[in-house]
Amino acid sequence: MFRLKDYWVWDFWIADDGDRFHLFYLHARRSLGDPELRHRNARIGHATSTDLTDWQNHGEVLAPGAAGSFDETATWTGSVVRGADGLWRMFYTGSSFIAPNSARNIEAIGVAVSDDLHSWRKLPGPICRADPRWYETLGTSTWPEEAWRDPWVFPDLEGDGWHMLITARANYGEDAGRGVIAHAFSPDMQNWDVRPQLSLPEQGFGHLEVPQTVAHDGKIALIFCCNAPRLSNHLSGQIGGIWVAPAASLAGPFDISRAQLLASERLYAGRLVRDRKGDWVLMGFHLQEAGGKFEGGVSDPLPLRWDGETGLPVMAEPI
């Protein structure tokens, strides 16, 4: 497990340079006292490993921006990809909280670049915001945030640009169930065109966090997270956690009505990663410890198998 003595560690994403795995993680000081304060104090750290188990920590690599910037309060979850120019790009969420004692915040997406995955330089941003033609914005519902976060970026299979999947909310439907996967497209990873959502609202989820798509033996799966308090409609009152749903392609669309729980919310922000043997494994952060106390920390890799009937990943062993 990757855990830090003086910091809470939670959401994360992984880049593989072929030699080492690079873990980018959210962290905040435990000295804040209340774990809920971690969200408005989050920064991005970096660690490396050859086996996804033993990690060398390299410390902070990205911090909030100046007052008035889209990421003035905190830097949140993202993804890392490498372009044809050899540059690594980190797409990340910037958060701006409206007031010190309010949970209301506006989220937008920025990008930083690196030659080596260790030193990062932010480019002017934001590069992508919620478009009110399709997506909820702050103040248009009872939801406390303008949800536009967790960018998952990957190349188009036909070589025609790049896709971005985003945690967002539709601008219609019952407030509690507006969670959708948003979509943006870019020819160059800098200029992004926001497009309509790739899933329907009112499918039981207030939000679909940290989305990821993976392909295995011709089958495509969407991975996302939603905890129990944010489940709605027919899922209200059930256990939340890490979910999987079938997909028509890596870029959707996604049938969220067929979502299945992959792992309970003892783990969260799940990522599927290929280990050095080429096998898919699941990693997540520890959301709930004994007694409900939040400790954080990224799990060791957990084995998966693929269900022959659904084509979706399932846990190979109970957790």
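Before any of the text, the structure's been laid out above.
Residues numbered from 1 in each chain as written. Predicted model: local features only at pLDDT ≥ 70, side-chain atom pairs only at ≥ 80, totals over all residues. Heavy atoms only, no water.

> How do you make sense of the overall build of the protein chain when you look at a structure like this?
The helix and strand tally for the protein chain stands at 0 helices and 21 strands. Split into buried and exposed, the 319 residues of the protein chain put 57% on the buried side. By sequence separation, contacts in the protein chain at least 24 residues apart represent 52% of the contacts at least 6 residues apart. One way to put it: in the protein chain the 29 positive side-chain charges average out to a point 4 Å from where the 41 negative ones average out. (Helix = DSSP H or I, 4+ residues; strand = E, 2+ residues; numbered from the N terminus. Buried < 20%, exposed > 50% of the residue type's maximum accessible area, 1.4 Å probe, protein only. Contact = heavy atoms within 4.5 Å. Lys, Arg positive; Asp, Glu negative; His and termini not counted. Charge placed at Lys NZ, Arg CZ, Asp CG, Glu CD.)

> Looking at this structure, I do not really get the packing of aromatic side chains. What am I missing?
Centre distance and the angle of the planes are the two values used to describe a pair of aromatic rings. In this structure the tally under the stated criterion is 13 aromatic pairs. Ring centres 5.7 Å apart and planes at 85° place the aromatic pair Phe91 and Trp192 in the edge-to-face group. One end of the pair, Phe91, is in strand S6 (residues 88-97); the other, Trp192, is in the loop between strand S12 (179-186) and strand S13 (193-195), and 101 residues separate them in sequence. The interplanar angle of 75° and the centroid separation of 6.1 Å between the aromatic rings of Phe285 and Phe294 together place this pair among those described as edge-to-face. We classify Phe285 as buried; its relative accessible area is 1%. Here the aromatic cluster, defined as three or more aromatic residues joined through ring pairs, consists of Trp13, Phe24 and Trp120. (Phe/Tyr/Trp six-rings, centres within 6.5 Å; stacked < 30°, edge-to-face > 60°.)

> Which parts of the structure should I look at to understand the environment of Arg82?
With respect to the helices and strands, the residue Arg82 is situated in strand S5 (residues 74-82). For Arg82, a relative accessible area of 45% translates into the label partly exposed. Along the sequence, Arg82 and Ala108 sit 26 residues apart, while their C-alpha atoms lie 21 Å from each other. Ignoring any residue separated from it by four or fewer positions in sequence, one finds Arg82 in contact with Leu87, Trp88 and Trp162. Polar side-chain contacts of Arg82 include one of 3.0 Å to the backbone oxygen of Gly86. (Polar contact = N/O pair within 3.5 Å; in protein donor to acceptor, adjacent residues only side chain to side chain.)

> Explanation requested: the sheet that holds strand S1 (residues 7-16) in the structure shown.
Whenever strands of a sheet pair, they do so through backbone hydrogen bonds, lying parallel or antiparallel. Overall, antiparallel pairing links the 4 strands, which are arranged S1-S2-S3-S4 in an open sheet. Across the chains shown, the open sheet's two edge strands, defined by having one partner strand only, are S1 and strand S4 (56-62). Neighbour-to-neighbour, the strand axes of this sheet turn through a mean angle of 30°, independent of strand direction. Bridge analysis of strand S3 (residues 43-49) against S4 gives 5 bridges, and the strand direction is antiparallel. Bridge pairing links His46 to Gly59 in S4. (Pairing = 2+ DSSP bridges. Axes fitted to C-alpha atoms, helices over the stretch in contact; angles between N-to-C directions.)

Function-wise, these values are silent; they only describe arrangement.
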